[in-house]
Amino acid sequence: MENLSDYTRLGAVCKPWRTAFVGLPRPLHLRFPLLFLSSRTTINSDNGADHALYSPFERKVFPVKLPDRPRPERCIGSSSDGWVCMIDDDGLDIYLFNPFSGVVVHLPCLFGDENLFKAVWSAKPTDPDFIIVLFKLDPHSLVYCRTGDAQWTFMHNSLRLTDLKCVSDAIFYKEKLYVLEDEEGRIVAVDLLHQEVEEIWIPKLVDSVFPIGFKRMYLAAGPSGLLFIARQKQFSTYEWQGMDVQLQTGGFRIFEFDETMTKWKERESLGDGMLFLGLNASMWLSSSNFQQCKGNSIYFTDDSSMA
C-alpha cells in the first residue's frame, strides 16, 4: 500500500482489520506530517465528518470521523505518531484519538475548564511511561496526568512553578518537559519522574532576536540538540475593521542549545533539515527521506490571529 487512502480504507473495514492495521509498517512518505483540518467548510458534511487530514504528497483531503460526542470539539495537540488530543467546547470531555486506527484513550475531566489551549505528551498513549501535560490559558498554569490517573495534578502546586506565566510552547525532550516562557525569556526543564525543575535563562537571546512583542516562539528537537525558533511578526498594510495595519510573518531565526557549553548558538542553515512549526506540534525531519520536499526549509501555519 502506497497511499494514505489505502490505509484509511483498510482501517475502516472492521475492528479486527483495524487492530491488524496498527502494526503494519507504513512507507516512509506516509510518515510525513499531515495537516489536521478542523474547519467544517473543508469537507462535505454529508459524509458525517467535520475534520480531515491533508496529504501534501497526494494533495488530497481525507475526511476523519471522530467518535460521537454531544458537543463540538477542537484539537489542542498532536504527535508525530499520529495521535491528536481533542476537547469539547465546554472542556468536559478530553481524549486522545488516532485517526488511522480509530483507537480512543479517555482522559480525566477538568470540570468544565474551557481555557485549555495546548497539550503535549511524552510517549504513545498506550505506553506505560505515558505522561500528558495540558496548558491553561487563564490563568496560565499546567496540569498533568499519567497512565491510570483518575485526576489531573496541578504542576504549579506540586513543583512550585507559581511564577511561570505566558507559556508559549513546550516539548518533551530526553525524558524531560521543556516549557518556553514568553515574557521573561526562559525555558524551564521539568523532570516529572523525579519531581525536579531546572531553569535555562535566555533573556538576552530573546530580546536581541526581534523587538519585544513582535515574535512567536517555538521549541523543537533537532538532530543534535534542542532548538529555539523565533518567528518575526512585522507590519504590513491591510484594511481590517477600519484599521490599515496587520502583523504578518517576516522571517525566522533558529538557535540550538549546546549542552556541553550550556549556551545557545545561532544556526545559519538547516542543511538538509526541515522544520514544521505550529501551535499543536513542531518537529524536525530530514529532506533526504522525502524527495518531494526541500531541505533548509521551514513549513509553518499562521497559528495566531495577528500572524
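All residue numbers refer to positions counted from 1 along the written sequence of the respective chain. Given that this is a predicted model, residues contribute local features only at a pLDDT of at least 70 and side-chain atom pairs are listed and counted only at 80 or more, while totals for whole chains, interfaces and linings are drawn from all residues. Hydrogens and water are ignored here; the side-chain numbers use all heavy atoms of the structure.

Structural notes on the overall build of the chain
The criterion, for reference: Under the DSSP-based scheme used, a helix requires at least four consecutive residues in state H or I and a strand at least two consecutive residues in state E, with every element numbered from the N terminus. Each residue is placed in one exposure class: buried if its accessible area under a 1.4 Å probe, protein chains only, is under 20% of its type's maximum, exposed if it is over 50%, and partly exposed if it falls in between. In short, Shrake-Rupley with a 1.4 Å probe defines the accessible areas, and a residue's cover is counted only from the protein chains shown.
Looking only at helices and strands, the chain has four helices and 22 strands in total. Buried positions account for 47% of the 307 residues belonging to the chain. Looking at the chain as shown, the accessible area adds up to about 16000 Å², and 51% of this sits on carbon and sulfur atoms.

Overview of the sheet that holds strand β8 (residues 116–121)
Within a beta sheet, neighbouring strands are joined by backbone hydrogen bonds and run either parallel or antiparallel to one another. Which entries qualify depends on this criterion: Note on pairing: DSSP must find at least two bridges between two strands before they are called paired.
If you trace the four strands from one edge of the open sheet to the other, you get β8-β9-β10-β11, paired in antiparallel fashion. Taken across any chain shown, the strands that pair with only one partner, and hence form the sheet edges, are β8 and β11 (153–154). Bridge count between β8 and strand β9 (residues 131–136): five bridges; the pairing is antiparallel. Note that in β9 the partner of Val120 across the bridge is Val133.

Points about the side chain of Ser286
Filter applied, for reference: We call two N or O atoms a polar contact when they sit within 3.5 Å, provided that within protein one can donate a hydrogen and the other can accept it, with sequence-adjacent residues counted only if both atoms are side-chain atoms. In what follows, a contact means two residues having at least one pair of non-hydrogen atoms within 4.5 Å.
By secondary structure assignment, the location of Ser286 is in strand β21 (residues 283–286). Judged by relative accessible area, Ser286 falls into the buried class, the value being 18%. For Ser286, the side chain forms a polar contact with the side chain of Asp272, separated by 2.8 Å. Among residues more than four places away in sequence, those in contact with Ser286 are Asp272 and Met274.

Thoughts on the packing of aromatic side chains
Centre-to-centre distance and the angle between the planes together describe a pair of aromatic rings. Selection rule: Think of it this way: a Phe, Tyr or Trp ring, Trp meaning its six-membered ring, pairs with another when their centres are within 6.5 Å, and the plane angle makes it stacked under 30 degrees, edge-to-face over 60, tilted otherwise.
Under the criterion given, the structure shown has seven aromatic pairs. Centroid distance Phe252 to Phe300: 5.0 Å. Interplanar angle 70°. Geometry classified as edge-to-face. With Phe252 in strand β18 (residues 243–258) and Phe300 in strand β22 (residues 297–300), this residue pair connects regions lying 48 residues apart in the sequence. Here Phe252 falls in the partly exposed class, since its relative accessible area comes to 25%. Judged by centre distance (5.0 Å) and plane angle (10°), the rings of Phe276 and Tyr299 are stacked.

Remarks on the environment of Ile200
Inspection of the secondary structure puts Ile200 in strand β15 (residues 196–201). Sequence-wise, Ile200 and Leu180 are 20 residues apart; in three dimensions their C-alpha atoms are separated by 9.5 Å. Excluding residues within four positions of it along the chain, Ile200 makes contact with Tyr178, Arg186, Ile187, Phe257 and Trp264.

Some words on the sheet that holds strand β1 (residues 35–37)
What counts, and what does not: Fitted lines through C-alpha atoms serve as axes, helices being fitted only where they are in contact, and the angles separating the N-to-C directions of these axes extend from 0 to 180 degrees.
Taking strand neighbours across the sheet as the criterion, the three strands line up as β1-β2-β3 in an open arrangement whose pairing is antiparallel. At either end of the open sheet lies a strand with only one pairing partner, and these are β1 and β3 (60–64). Neighbour to neighbour, the strand axes of the sheet diverge by 30° on average, direction disregarded. One ladder, built from five bridges, connects strand β2 (residues 51–55) with β3; its direction is antiparallel. Among the inter-strand pairings, Leu53 is bridged to a residue of β3, identified as Phe62.

Looking at the nonpolar core
Just so we agree on the cut-off: Residue types Ala, Val, Leu, Ile, Met, Phe, Trp, Tyr and Cys, when buried and joined through side-chain atoms within 4.5 Å, form a set referred to as a nonpolar core.
With 18 residues, the main nonpolar core has Cys85, Leu96, Leu107, Ile132 and Leu134 as its most contacted residues. For this core, the secondary structure elements donating two or more residues are β5 (84–88), β6 (94–97), β8, β9 and β10 (141–146). No other element matches β8, which puts three residues into this core. The next biggest cluster of nonpolar side chains, apart from the first, holds 16 residues, and it includes Val120, Val179, Val188 and Val190.

Observations concerning the confidence of the model for the chain
Heads up, the rule is: Confidence scores per residue from the predictor, reported as pLDDT, run from 0 to 100.
When pLDDT is averaged along the chain, the result is 76, and 67% of the positions lie at 70 or above. Looking across the chain, the model is least confident in helix α1 (residues 4–11), with a mean pLDDT of 56, and most confident in strand β20 (residues 273–277), with 92. Low pLDDT (under 50) marks residues 40–47, which in the prediction has 11 contacts with non-local residues, meaning those over four places away or in another chain.

Focus: the environment of Gly295
Mapped onto the secondary structure, Gly295 falls in the loop between β21 and β22. Taking the relative accessible area as the measure of exposure, Gly295 reaches 28% and is therefore partly exposed. Setting aside residues up to four positions removed in sequence, Gly295 forms contacts with Gly271, Asp272, Gly273, Met274 and Ser287.

Description of unusual backbone geometry
Its identity as a non-glycine residue notwithstanding, Glu175 has a phi of 65°, on the positive side. Residue Glu175 is classed as exposed on the basis of its relative accessible area, which comes to 74%. Residue Asn296 is not a glycine yet carries a positive backbone phi of 55°. Here Asn296 is to be found in the loop between β21 and β22.

A closer look at the pattern of salt bridges
Short version of the rule: Whenever Lys or Arg places a side-chain nitrogen within 4 Å of a carboxyl oxygen from Asp or Glu, that contact is recorded as a salt bridge.
Under the defined criterion, the tally for this structure stands at four salt bridges. One salt bridge in this structure joins Lys265 and Asp258, with 3.2 Å as the shortest N-O distance. Taking the relative accessible area as the measure of exposure, Lys265 reaches 42% and is therefore partly exposed. We classify Asp258 as buried; its relative accessible area is 17%.

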